[in-house]
Amino acid sequence: MAALRLAMLPHRVGRSPRQVELCSRAGEVGANMGVDAHKQPNALRPGRRRRWRRGLLAAAPFVVWLAALAGAWHVHTRLGHNGMVVGFADFQPVTLAHPEPAIVRSVHVELYEEVVRGQLLLALDDRAERIELAAMEKDIERLRADLVAEQARVAADNARATADDENRARRLAVDRANAHLDYLSQLSVGAEDRARLSGATVEFEITRELYEQGRATLRELNETRTEVAALQAKLKRNADVVDRARLAFEEADRRWYCFTHERAVVVAEDPLLAPLRLAIEVRQRDLEDTVRRIDARLVRAPIAGQVTTLPAHEGDEVGAGEPLVMVSPTSTDRVVAYLPEHLVHTLGPGTDVLVNCRASANGAHREFPATVVRVAATVEEAPLRYRSVPTYPVWGRGLVAVLKGDVHLLPGEAVTLSALPAR
């Protein structure tokens, strides 16, 4: 009976022939040991559970990946189809840094302290610049003293050079007048000789006619001819004398004119003092640049807001461009959102939207009307914060909306935008 039950048991539990043989052997062993054979198959159940456990552990990653794919597909099909757009209150903190390496001399604010525009936040060490500034100031004083001394020297030289200007002017005037008189006298002599030549020529013509008529002698004719020739030679010589007298008068007149009308050029001091004035101007500009550098060592708040980051401490050595302090605005009326790709044509500039704040105030739901003022002209990948699932890329267009009325949000506050229903 035991053998019959062992033979029929594998058929009831669906065992394989190999398992039937193992069970038969187990029954025989159990019969020999005085154990009921029908209780032996239960001894194989722990091994089967271990195999099931190993199979489930091996299939677990595959199941997880299938669940992730199903979730991604659900997000892809459901994301944004309700017309809601994720956005955040505009957050534009200002990070202040210095373009050169420096040492923090003093810090005048604390973390999360409210500041106003222009308030001193911290001061950097400016001893090197102040030493350079003092040297420039002394250099400018020296150059100005040199300029005053050079002006005095030039004035003295000009005074010595122009001490006898009046006497020299009189001498030049006398020379000009004498040359003019000589020129005029030579012109007068020439005019007289030309008049005499004209008379002598007429007398010679008359004498020649009388000689031809036999009423004058040859001697009288030769005398008149000789007088005419002498006057012609004298006029020719006088022309050279007149030219020389004219040139002498023109030269005397030029000397007198140059002296009386161009004396200012002789005593001008600008060409001599220009290099010193230029050097003073250059050093003055260097001094102004140093003053600006000293002023830049005083880090002031560019906007009114709150100190949200303060990595610098007194005595710290900071590198060029290393952040010193961050000032964030405490409120904003602008909202920056991102339109998903399937909604890129739903909103445009001038569209009225409803801004729904995710964070409630005292348990009250907050909704505010706003107007879209700008929309990006291109479709691009959305930043990480605008994704409902960080690992799921989203493409779309950015937009900026301005809240209506005197409404302000916390910078960075999460909101959702939805188009207002048509009336």
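A brief look at the structure comes next. (Residues numbered from 1 in each chain as written. Predicted model: local features only at pLDDT ≥ 70, side-chain atom pairs only at ≥ 80, totals over all residues. Heavy atoms only, no water.)

## Things to note about the overall build of the protein chain
Stated formally: Strands here mean DSSP runs of E at least two residues long; helices mean DSSP runs of H or I at least four residues long; both are numbered from the N terminus. Throughout, exposure labels follow a simple rule: accessible area from a 1.4 Å probe, protein chains only, divided by the maximum for the residue type, with under 20% read as buried, over 50% as exposed, and the rest as partly exposed. In what follows, a contact means two residues having at least one pair of non-hydrogen atoms within 4.5 Å. We get accessible surface area from the Shrake-Rupley algorithm with a probe of 1.4 Å; when it comes to residues, only the shown protein chains can shield them.
In terms of regular secondary structure, the protein chain is built from eight helices and 15 strands. The 423 residues of the protein chain split such that 29% are buried. Intrachain contacts of the protein chain at a sequence separation of at least 6 include 77% that bridge at least 24 residues. Here the protein chain has roughly 27,700 Å² of accessible surface; of this, 57% comes from carbon and sulfur atoms.

## Describing a positive patch on the surface
Keep this limit in mind: Candidates for patches are residues over 30% relative accessible area with no salt bridge; among them, like charges are joined within 9 Å and nonpolar side chains (Val, Leu, Ile, Met, Phe, Trp, Tyr) within 5 Å. Salt bridges are identified by distance alone: a Lys or Arg side-chain nitrogen within 4 Å of an Asp or Glu carboxyl oxygen. Positive residues here are Lys and Arg, negative ones are Asp and Glu, while His and the chain termini are left out of the count. Lysine's charge is taken at NZ, arginine's at CZ, aspartate's at CG and glutamate's at CD.
Taken together, the side chains of Arg 48, Arg 49, Arg 50, Arg 51, Arg 53 and Arg 54 present a region of like positive charge at the surface. Tracing the backbone shows Arg 49 in helix α3 (residues 45–78). Under the relative-accessibility criterion, Arg 49 is labelled exposed at 52%.

## With respect to helix α8 (residues 270–296)
Structural remark: α-helix, 3.6 residues per turn; residues separated by three or four positions point the same way. To be explicit about the condition: An expected span of 1.5 Å times one less than the residue number is assigned to each helix.
Across its 27 residues, α8 extends 38 Å between first and last C-alpha, which sits within 8% of the 39 Å expected from 1.5 Å per residue. Taken as a whole, α8 has its buried residues at Leu 273, Leu 276, Ile 280, Leu 287, Thr 290 and Ile 294.

## Structural notes on the sheet that holds strand β2 (residues 94–97)
Stated formally: Any two strands with at least two DSSP bridges between them are considered paired.
Spatially, the four strands line up as an open sheet ordered β2-β9-β7-β4, and their pairing is antiparallel. The sheet terminates laterally at β2 and β4 (114–115), the two strands that pair on one side only. Where β2 lies against strand β9 (residues 323–328), four bridges are found, and the strand directions are antiparallel. Paired with Leu 96 across the strands is Val 325, a residue of β9.

## Topic: helix α6 (residues 218–261)
In a regular helix each residue adds 1.5 Å, so 44 residues correspond to 64 Å; α6 covers 64 Å between its end C-alpha atoms and thus fits that length. For α6, the complete set of buried residues consists of Leu 221, Thr 224, Val 228, Leu 231, Leu 235, Asn 238, Val 242, Ala 245, Phe 249, Ala 252 and Phe 259.

## Observations concerning the side chain of Asp 126
Summarising the element assignment, Asp 126 is placed in the loop between β5 (120–124) and α4 (127–161). If we ignore the near neighbours within four places in the chain, the residues touching Asp 126 are Arg 105, Ile 294 and Arg 297.

## Quick word on the nonpolar core
Rules: Residues belong to one nonpolar core when they are buried, are Ala, Val, Leu, Ile, Met, Phe, Trp, Tyr or Cys, and are joined through side-chain atoms within 4.5 Å.
Leu 399, Leu 403, Leu 409 and Leu 417 are the most contacted members of the largest nonpolar core, which totals 21 residues. Residue contributions to this core peak at four residues, all from strand β12 (residues 367–375). Setting aside chain neighbours within four positions, we find Leu 409 in contact with Ala 89, Thr 330, Ser 331, Thr 332, Val 335, Cys 357, Arg 366, Phe 368, Leu 403 and Val 415. Counting 17 residues, the second largest nonpolar core, distinct from the first, contains Val 104, Leu 310, Val 318 and Leu 324.

## Structural notes on the environment of Val 372
Along the chain, Val 372 falls in strand β12. Here Val 372 falls in the buried class, since its relative accessible area comes to 1%. Among residues more than four places away in sequence, those in contact with Val 372 are Gly 348, Pro 349, Gly 350, Thr 351, Val 353, Leu 399, Val 400 and Ala 401.

## Let's talk about the sheet that holds strand β8 (residues 317–318)
Pairing is antiparallel across the open sheet formed by four strands, whose spatial order is β6-β5-β3-β8. Edge positions in the open sheet fall to β6 (298–300) and β8, since each of these has one partner strand only. Inspection of the sheet shows strand β3 (residues 102–107) paired to β8 by two bridges, in the antiparallel sense. Across the sheet, Ile 103 pairs through a bridge with Glu 317, a residue of β8.

## Things to note about the pattern of salt bridges
Inspection of every chain in the model, using the stated rule, returns 25 salt bridges. Here Arg 285 makes a salt bridge to Glu 281, at a shortest N to O gap of 2.9 Å. Taken together, the residues span about one helical turn, with Arg 285 and Glu 281 both in helix α8 at a distance of four residues. Given a relative accessible area of 54%, Arg 285 falls into the exposed group. We note a salt bridge from Arg 366 to Glu 413, for which the minimum N-O separation is 2.1 Å. One end of the pair, Arg 366, is in the loop between β11 (352–357) and β12; the other, Glu 413, is in the loop between β14 (395–403) and β15 (414–419), and 47 residues separate them in sequence. Neither residue differs from the other here; Arg 366 and Glu 413 are each classed as buried.

## Observations regarding the environment of Val 94
With respect to the secondary-structure elements, Val 94 resides in strand β2. The partly exposed category is assigned to Val 94, whose relative accessible area is 24%. As a C-alpha pair, Val 94 and Pro 329 span 235 residues in sequence and 8.6 Å in three-dimensional space. In contact with Val 94, other than residues within four places in its own chain, are Pro 302, Ile 303, Val 325, Met 326 and Val 327.

## Concerning unusual backbone geometry
One non-glycine residue with positive phi stands out, namely Tyr 112, at about 65°. With respect to the element layout, Tyr 112 can be found in the loop between β3 and β4. The class of Tyr 112 is exposed, set by a relative accessible area of 53%.

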